Amino acid sequence: MRSLRLATVTLATAALCLPLATGAATAAPPADRKAPPHSHAAPDRLRSAAPEGFFVGTAVAGGGHHLSQDYPDPFTHDKEYRKILARQFGSVSPENQMKWDFIHPERDRYDFGQADAIVRFAERNRQVVRGHTLLWHSQNPEWLEKGDFSAEELRALLREHITTVVGRYAGRIQQWDVANEIFDDQGRLRTQDNIWIRELGPGIVADAFRWAHEADPEAKLFFNDYNVESVNAKSDAYHALVQDLLAQGVPVHGFSVQAHLSTRYGFPGDLEDNLRRFDALGLETAVTELDVRMDLPESGVPTKAQERKQADYYRRVLQACLAVDGCNSFTIWGFTDKYSWVPVFFEGEGFANVMTEDFVRKPAFYALRDTLKEAARKDRGHRRG
Ligand code: G3I
């Protein structure tokens, strides 16, 4: 059984001093309340191959880029997709369906339809849910970004949104990405493109965590970002910020790396070390959006060597997470190329997921499955010994 990390450390050093907005600081450690079903009878499934207490998840396709594609909403209409989603995964993350533009399309109107459906699906299939996301610079509705709000109104809007959305699913969401992508690649806070930080100052980040914690004291609250797999300026900025917030009793429980990787670039070999330094602060860590894209040959069909390289990247990310005690949540950003965001954003690149468009398993799928099995075997041996 992997240990579940409680975020109750006290840290003295405040490497990055942020002015804090007001709000009660409570850091009560929420308990994880669900375990993935653990059946050794179905070891071919990622969820049951995993060690006990380790959640293997996927994004649930819908919203975002899917709206402009020529297929109907995948989660609602694709039966084969839903079957695999239920069978293979112990955790699900709405890809877009809990983002501001989707769930709060007008100032006085929330649209919970899809998010509710995903949470119900997860409960029926004994899956946990990762909530994504509450404070971000992107995918905010136009009424918010272009609205003429005073600072006081904006603050009230964010508080109401967090209280409403987190409160609605209280006790049903395991982890929330409270703050998403708040630093740029140089490790500078996004003081221009993030409406909340720009208009309300950096202290709003702490308040977002406090409000989320008030609305669901059990949920684990995360910082989530891309290009933070390695020790670099951006992950350094999170490391400093988290220490500062913890020292002030802000309920931050986790740090997660998205891991949108490309075989064009080298593998972030210091991923495990990086996760460990956040673990050492008493945080949970997680991999939340793993995919591994590649440059496609003209034929559109990758070579065997490309497939092997991709499988190797998937395996090494999983191994890094498994090696860190408090890294118990490992999510891939979709499991089939059929619905991937990658070709929509990166011309000439694709094949980023563990199954083809026809749901055929790639070497990357087997790399994950075998690595999970091996970890579960060692885990059981360790407990017996
Ligand atoms: O804003 C326009 C809107 O005005 C227009 O009506 C609509 C019509 O299709 O498009 C809207 O923009 C879309 C946006 O989602 C908002 O719905 C983009 O075209 C679409 O490409 C975008 O895609 C999502 C993307 O986040 C946006 O950043 C993807 O589906 C989603 O997979 C992706 O997920 C993010 C994670 O949340 C955070 N980490 C990175 C990851 C990959 O980018």
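Please refer to the structure higher up on the page.
Because the structure is a prediction, the values reported are computed rather than measured. Here the residue numbers are simple positions, counted from 1 along each chain's written sequence. It should be noted that, the model being predicted, local features are given only for residues of pLDDT at least 70 and side-chain atom pairs only at 80 or more, the latter also being counted only at that level, while totals for whole chains, interfaces and linings use all residues. Side-chain metrics in this entry use all non-hydrogen atoms of the structure; hydrogen atoms and water are not considered.

Scanning the chain from N- to C-terminus turns up 14 helices and 10 strands. Contacts are residue-level and defined by heavy atoms, with any inter-residue pair within 4.5 Å sufficient. Pairs at least 24 residues apart make up 79% of the contacts formed inside the chain by residues separated by at least 6 positions. Approximately 15,200 Å² of the chain is accessible, and the part contributed by carbon and sulfur atoms is 50%. Only runs of H or I of at least four residues qualify as helices and only runs of E of at least two qualify as strands under DSSP, and these elements are numbered from the N terminus. Residue burial considers only the protein chains on display, and all accessible areas are found by Shrake-Rupley using a 1.4 Å probe.

Using a 1.4 Å probe on the protein chains alone, a residue whose accessible area is under 20% of its type maximum counts as buried, one over 50% counts as exposed, and one in between counts as partly exposed. With 6 of its 6 residues buried, strand E5 (residues 220-225) lies for the most part within the structure. Burial along E5 is two-sided: Lys220, Phe222 and Asn224 facing one way and Leu221, Phe223 and Asp225 facing the other are all buried. Each pair of strands is called paired provided DSSP finds at least two bridges between the two strands. Here 5 bridges tie strand E4 (residues 175-180) to E5, and the two strands are oriented parallel to one another. The residue of E5 that forms the bridge with Asp177 is Phe222. Read from E5 through helix H10 (residues 233-247) to strand E6 (residues 254-257), the crossover connection turns out right-handed. A clockwise course of the path from the first strand over the helix to the second, judged with the strands pointing away from the viewer, identifies a crossover as right-handed.

On to unusual backbone geometry, then. Trans is the prevailing form of peptide bonds, just as negative phi is the prevailing case for residues other than glycine. Between His132 and the following residue, Thr133, the backbone shows a cis peptide bond with an omega angle of 0 degrees. The residue Thr133 is located in strand E3 (residues 128-135) in this model. Residues other than glycine seldom take positive phi values, yet Asn227 does so here, at roughly 55 degrees. Mapped onto the fold, Asn227 is located in the loop between E5 and H10. A relative accessible area of 34% means that Asn227 is categorised as partly exposed. Look at Phe351: it is not a glycine, yet its phi comes out positive at around 55 degrees. Among the structural elements, Phe351 can be located in the loop between strand E10 (349-350) and helix H14 (363-384).

What follows is about the state of the cysteines. Here is the idea: a disulfide is a covalent bond, and it sits between the sulfur atoms of two cysteines. Here, a disulfide means two cysteine sulfur atoms that sit within 2.5 Å of each other. Counting across every chain of the model gives 1 disulfide. Put simply, Cys321 and Cys327 are joined by a disulfide, and their sulfur atoms are 2.0 Å apart. Of note, the bridge from Cys321 to Cys327 carries an S-S torsion of about -100 degrees and is left-handed in sense. Residue classification places Cys321 among the buried positions, given a relative accessible area of 0%.

The next point concerns the site of the ligand. Note on definitions. A residue lies near a molecule or strand when any single heavy atom of the residue is within 4 Å of it. In the vicinity of the ligand there are 19 residues, among which His65, Glu95, Lys99, His132 and Glu289 approach most closely. In this structure, an oxygen atom belonging to the ligand sits 2.4 Å away from a side-chain N or O atom of Glu95. By the criterion applied in these results, polar contacts are pairs of N or O atoms within 3.5 Å in which, for protein atoms, one can donate a hydrogen and the other can accept it, and in which residues neighboring in sequence qualify only through two side-chain atoms. In this structure, an oxygen atom belonging to the ligand sits 2.6 Å away from a side-chain N or O atom of Lys99. In isolation the ligand exposes 820 Å². Once the protein is present, 66% of that is buried.

Turning to the environment of Ala151, a few remarks are in order. Within the secondary structure layout, Ala151 lies in helix H7 (residues 151-168). Distance in space between the C-alpha atoms of Ala151 and Gly201 is 9.8 Å, their sequence separation being 50 residues. With residues near it in sequence (within four places) discarded, Ala151 still touches Glu199 and Leu200.

We now examine the packing of aromatic side chains. Two aromatic rings, drawn from Phe, Tyr or Trp (for Trp, its six-membered ring), form a pair once their centres lie within 6.5 Å of each other, and the interplanar angle then sorts them: stacked below 30 degrees, edge-to-face above 60, tilted otherwise. Considering all chains together, one arrives at 20 aromatic pairs under this definition. Ring centres 5.3 Å apart and planes at 80 degrees place the aromatic pair Phe75 and Phe121 in the edge-to-face group. Highlighted residues: Phe75 in helix H2 (residues 74-77) and Phe121 in helix H5 (residues 113-124), separated in sequence by 46 residues. Residue Phe121 is classed as buried on the basis of its relative accessible area of 4%. Seen from their ring centres, Trp100 and Trp143 are 6.2 Å apart, and the 50 degrees between their planes marks the pair as tilted. Taken together, the positions of Trp100 in helix H4 (residues 100-103) and Trp143 in helix H6 (residues 142-145) put the pair 43 residues apart, joining distant regions of the chain. Residue class for Trp100 comes out buried when judged on its relative accessible area of 2%. Taken together, the ring pairs connect Tyr71, Tyr81, Phe89, Phe335, Tyr339 and Phe359 into an aromatic cluster. Residue placement shows Arg130 over the ring face of Phe222; its charged tip is 5.2 Å from the ring centre. We call a charge positioned above a ring when the Lys NZ or Arg CZ atom is no farther than 6 Å from the ring centre and deviates by at most 35 degrees from the ring normal.

Before going further, it helps to examine the nonpolar core. If you look at the biggest cluster of nonpolar residues, it comprises 104 residues, and the most contacted ones within it are Trp176, Ile182, Phe223, Leu290, Phe330 and Phe335. Apart from the residues within four sequence positions on either side, Phe330 is in contact with Phe54, Phe55, Val56, Gly57, Val287, Leu290, Val317, Leu318, Cys321 and Leu368. Nine residue types can take part in a nonpolar core, namely buried Ala, Val, Leu, Ile, Met, Phe, Trp, Tyr and Cys, and a core is a set of them joined through side-chain atoms within 4.5 Å.

Attention now moves to the packing of H7 against helix H9 (residues 203-215). Axes here mean lines fitted to C-alpha atoms, for a helix over just the part in contact, with angles spanning 0 to 180 degrees between N-to-C directions. Orientation of H7 relative to H9, taken along the N-to-C sense of each, is 35 degrees, at an axis distance of 8 Å. Seen along the crossing, H7 lies across H9 with a hand that is right-handed. Side by side, H7 and H9 meet where Arg155, Leu158, Arg159, Ile162, Thr163, Val166 and Gly167 of the first sit next to Ile204, Asp207, Ala208, Trp211, Ala212, Glu214 and Ala215 of the second. Any residue that is not Ala, Val, Leu, Ile, Met, Phe, Trp, Tyr, Cys, Pro, Asp, Glu, Lys or Arg is counted as polar, Gly included; the first ten are nonpolar and the last four charged. Looking at the contact of H7 with H9, its residues break down into 8 nonpolar, 2 polar and 4 charged. Put simply, a crossing is left-handed when the front helix is turned counterclockwise from the back one by less than a right angle, and right-handed when it is turned clockwise.

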